[in-house]
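Summary of the model geometry
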Amino acid sequence: MTLTMKLLNGASLCHGCCRHKVFLQLLGPLPSDSKLYSSYRRPGAEPEKKPSWQNADFSFKKGIDVLKTQLSLLKQETQDHVKGPGGQPLSQYLLEQTKVVWQFRSQEDLNKWVVSSDVEIGGKSEVYLKLGRNNQGALLYGTLNTEVPRDGETKYSGYCSMRAKPPLGSFRRKKYYDWSNFNSLYLRVRGDGRPWMVNIYTDPYFSHQKDDLYNYFMFTRGGPYWEEIKIPFSKFFLSSRGRVQDSQHPIWLDKISTLGFTIGDKLDGPFQLEIDFIGLLNDRAHTEEFAYEAYDKNTPV
């Protein structure tokens, strides 16, 4: 009798697990940032005991509200597509010389950006983002700390960054910025004299290119005055995981995913950067296509 009860309990547990598997299959693929797909855990951190699927919030009312929101976004996208590129007439698009992509006048503008630091790998740097004086511009400030975490794995530390959230279309489809009508990045900033790295992320064509990004330096002069900085897109160089690549090629300006700023000059101490706006410029006087040597990968024998 005891053996029979054990077999029945085992069958019941197995049936419950099978039900959970079928339920997860009905949910479809989980997001890439789900903990079920994340194998990295900081040294010394305790594993997650609660299954990730139990943290999901299933609500029929929320589902209906999200569906209405996404359908309204799809309607707006369709209207903009019929009107012309970027939701504006074709004649206006072709004659456009300047364009402001990001400006900072409210908390809603700040919510389009995220900040990060070496705290993610156990570092001690701090970074914050808030509106500037009189709600004019964004103030990025914090403290840089190059102390390496004592986890036995990390060798370098000391960075802070700010990056714009990638644009999303209706039903969370990927969208991209098309900057092919411009040739320069135009910013109005006020810094403290420390150098920054400007990073441009593009959509990778292959999966192994997901860490590729284009960089160029931005040197702030410090002082109480604002400065306007123009960086031609031809000056940006390709890097991957912090290493400059031998094979260089120009940016795909029609597949821009997002833009960001990074400070990591290995100097401990406070920093700050004020940004009024980030825009684009079509400088007719700039005719350079690419500033670096491009290798021919198919050299004839």
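See above for the structure.
Quick caveat: nothing in here was measured; it's all calculated off a predicted structure.

Conventions we followed
- Residues numbered from 1 in each chain as written.
- Predicted model: local features only at pLDDT ≥ 70, side-chain atom pairs only at ≥ 80, totals over all residues.
- Heavy atoms only, no water.
- Helix = DSSP H or I, 4+ residues; strand = E, 2+ residues; numbered from the N terminus.
- Buried < 20%, exposed > 50% of the residue type's maximum accessible area, 1.4 Å probe, protein only.
- Contact = heavy atoms within 4.5 Å.
- Areas by Shrake-Rupley, 256 points an atom, 1.4 Å probe, with all protein chains shown as cover.
- Salt bridge = Lys/Arg side-chain N within 4 Å of Asp/Glu carboxyl O.
- Core = buried A, V, L, I, M, F, W, Y, C linked by side-chain atoms within 4.5 Å.
- Pairing = 2+ DSSP bridges.
- Phe/Tyr/Trp six-rings, centres within 6.5 Å; stacked < 30°, edge-to-face > 60°.
- Lys NZ or Arg CZ within 6 Å of the ring centre and 35° of its normal.

With that out of the way, let us pick up the overall build of the chain. Scanning the chain from terminus to terminus reveals 4 helices and 13 strands. Here the chain, with 301 residues, has 31% of them falling under the buried criterion. Look at the contacts in the chain between residues 6 or more apart in sequence, and 74% of them connect residues 24 or more apart. Just so you have it, the chain exposes about 20,600 Å², and 55% of that area is on carbon and sulfur atoms.

The full count for this structure, using the stated rule, is 11 salt bridges. The partner of K210 in a salt bridge is D211, and the shortest N-O contact between them spans 3.4 Å. With a relative accessible area of 26%, D211 lands in the partly exposed category. A salt bridge links R241 to D211; the shortest N-O distance between them is 2.8 Å. Taken together, the residues R241 in the loop between β10 (237-240) and β11 (243-244) and D211 in the loop between β7 (195-202) and β8 (212-219) connect sequence positions 30 residues apart. Among the charged side chains, a salt-bridge network with shared partners connects R105, R188 and D276.

A few words now on the nonpolar core. Grouped together as the largest cluster of nonpolar side chains are 38 residues, with contacts concentrated most on L259, F261 and I278. Here this core takes 5 residues from strand β13 (residues 269-281), the largest share from any one element. In contact with L259, not counting residues within four places along its chain, are W102, W113, M162, R163, A164, W179, L185, V198, N199, I200, Y201 and I278.

Turning next to the sheet that holds strand β2 (residues 113-117). Spatial ordering of the open sheet is given by β2-β5-β12-β7-β8-β10-β11, a layout of 7 strands whose pairing is antiparallel. Only two strands of the sheet have a single neighbouring strand rather than two, namely β2 and β11. Judged from the 5 bridges that link them, β2 and strand β5 (residues 160-164) form a sheet pairing that is antiparallel. Residue pairing in the sheet places V114 in a bridge with R163 of β5.

The next thing to look at is the packing of aromatic side chains. Here the distance between the centres and the angle between the planes together describe a pair of aromatic rings. The tally for this structure, following the rule as stated, stands at 17 aromatic pairs. Measuring from centroid to centroid gives 5.4 Å for W102 and Y177, while their planes differ by 75°, and the two rings are edge-to-face. Of the two residues, W102 sits in strand β1 (residues 98-103) while Y177 sits in the loop between β5 and β6 (184-191), which places them 75 residues apart along the sequence. Taking NZ or CZ as reference, R163 lies 5.0 Å from the ring centre of Y201, over its face.

The next subject is unusual backbone geometry. Here the phi dihedral of N134 falls at roughly 60°; this positive angle occurs in a residue that is not glycine. In this fold, N134 is placed in the loop between β3 (126-131) and β4 (138-144). Even without being glycine, R241 reaches a positive phi, approximately 55°. Of the residues examined, R241 reaches a relative accessible area of 63% and is grouped as exposed.

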